[in-house]
Amino acid sequence: MPYRRSFRLLACCVAGLFALVACTALDPDVPRGFDLTGAWVLDQDSSDAPPDVDAIRRREDRDVIRGRQSDASASAAFAVQDFPVLTARRLEIEQDDESMGIRYDGVVYRDITWGERKRDLWTVRAGWAEGDLVIRSVRGRTKGRESFALERNGALLRVTVSIETDGEDVRSVRVYRRNP
C-alpha cells in the first residue's frame, strides 16, 4: 500500500513537470533584430490555402448530429474568423518594445501587447520562445497558437497557425515577403 501511494505521488510529479514544460513562459522582451515593422505580401506558392469555413462548418454539423462534438461554440468555423492571418494577403505591421499592431488586407486591425491581456472573449499571451514571436490565445476549450518566424535576414515572415477546438482542428502556414 505505501508503495502504491509513493508511485502515485511520483507519477503526479512527473505529469506536473511535463505540464510545466509544455506551458513554457513567453519572454516579453523583444529580441535584438526582431522587427516586423513594414508591409508584407503573401507568397501564395509557399503558403497553405485559406481554410474553407463552409466545409469545416458542414463537417462539424455532422459531428454534432452524430454526437462526436458536444460544444458547438468550440467550433473551428467560429475560431477561424478570430485569426485573420489565415486569409490575409497583405499585412501592415507596426512594432515597438511594448506591442505590435497588424492591419490585415487594409481592413481588420489587431493590437497585440507583449505579456498577457484579454481581447474580446480570448485570453491572449504574446512573447518570444526560441527566437520566434508566439501568440497563444484561449477561449474556453478553444486554443490558438500563432508563431511568427523571420527568415532570410528578415525578408521572409513565416506564420504558423494552429487552432485546437472541440470540433475540427486547423493548422496552416502562411508565408509573407517584406515589401520594400
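Predicted, not measured: the structure shown is a model, and the values here were computed from it.

### What about the pattern of salt bridges?
Side-chain pairing between opposite charges can occur once the charged atoms of the two side chains come close. The tally for this structure, following the rule as stated, stands at seven salt bridges. For Asp82, the salt bridge is made with Arg139, and the minimal N-O distance between the two is 3.2 Å. Placement of Asp82 in the loop between helix H3 (76–80) and strand S2 (90–95) and of Arg139 in strand S7 (residues 132–139) is noted, with a sequence separation of 57 residues between them. Taken individually, Asp82 and Arg139 each receive the classification buried, so the pair is uniform in this respect. Taking the shortest distance from any N to any O, the salt bridge between Asp111 and Arg117 comes out at 3.2 Å. Since its relative accessible area comes to 33%, Asp111 is described here as partly exposed. Accessibility expressed as a relative area gives 32% for Arg117, which makes it partly exposed.

### Quick word on the nonpolar core
Core analysis: the largest hydrophobic core is formed by 30 residues, its most contacted members being Leu36, Leu91, Met100, Leu133, Leu157 and Tyr176. Only strand S1 (38–42), S2, strand S3 (99–104), strand S6 (122–129), S7, strand S9 (156–164) and strand S10 (170–179) provide two or more residues apiece to this core. Setting aside its immediate chain neighbours within four residues, Leu91 contacts Gly38, Ala39, Trp40, Ile102, Arg103, Tyr104, Leu157 and Tyr176.

### With respect to the sheet that holds S7
An order of S4-S3-S2-S1-S10-S9-S8-S7-S6-S5 is seen for the ten strands of this open sheet, with the pairing classed as antiparallel. Looking at the sheet topology across the chains shown, the edges are occupied by strand S4 (108–113) and strand S5 (115–119). For this sheet, the mean inter-axis angle between neighbouring strands, taken without regard to orientation, is 25°. When S2 meets S3, the two strands line up antiparallel, connected through five bridges. Bridged to Glu94 within S3 is Gly101.

### Description of a negative patch on the surface
Together, Asp27, Asp29, Glu94, Asp96, Asp97 and Glu98 make up a negatively charged patch on the protein surface. Turning to its location among the elements, Asp29 is positioned in the loop between helix H1 (2–22) and S1.

Cut-offs used in this document
- Residues numbered from 1 in each chain as written.
- Predicted model: local features only at pLDDT ≥ 70, side-chain atom pairs only at ≥ 80, totals over all residues.
- Heavy atoms only, no water.
- Salt bridge = Lys/Arg side-chain N within 4 Å of Asp/Glu carboxyl O.
- Helix = DSSP H or I, 4+ residues; strand = E, 2+ residues; numbered from the N terminus.
- Buried < 20%, exposed > 50% of the residue type's maximum accessible area, 1.4 Å probe, protein only.
- Core = buried A, V, L, I, M, F, W, Y, C linked by side-chain atoms within 4.5 Å.
- Contact = heavy atoms within 4.5 Å.
- Pairing = 2+ DSSP bridges.
- Axes fitted to C-alpha atoms, helices over the stretch in contact; angles between N-to-C directions.
- Patch = residues over 30% accessible without salt bridge, like charges linked within 9 Å, V, L, I, M, F, W, Y side chains within 5 Å.
- Areas by Shrake-Rupley, 256 points an atom, 1.4 Å probe, with all protein chains shown as cover.
- Lys, Arg positive; Asp, Glu negative; His and termini not counted.
- Charge placed at Lys NZ, Arg CZ, Asp CG, Glu CD.

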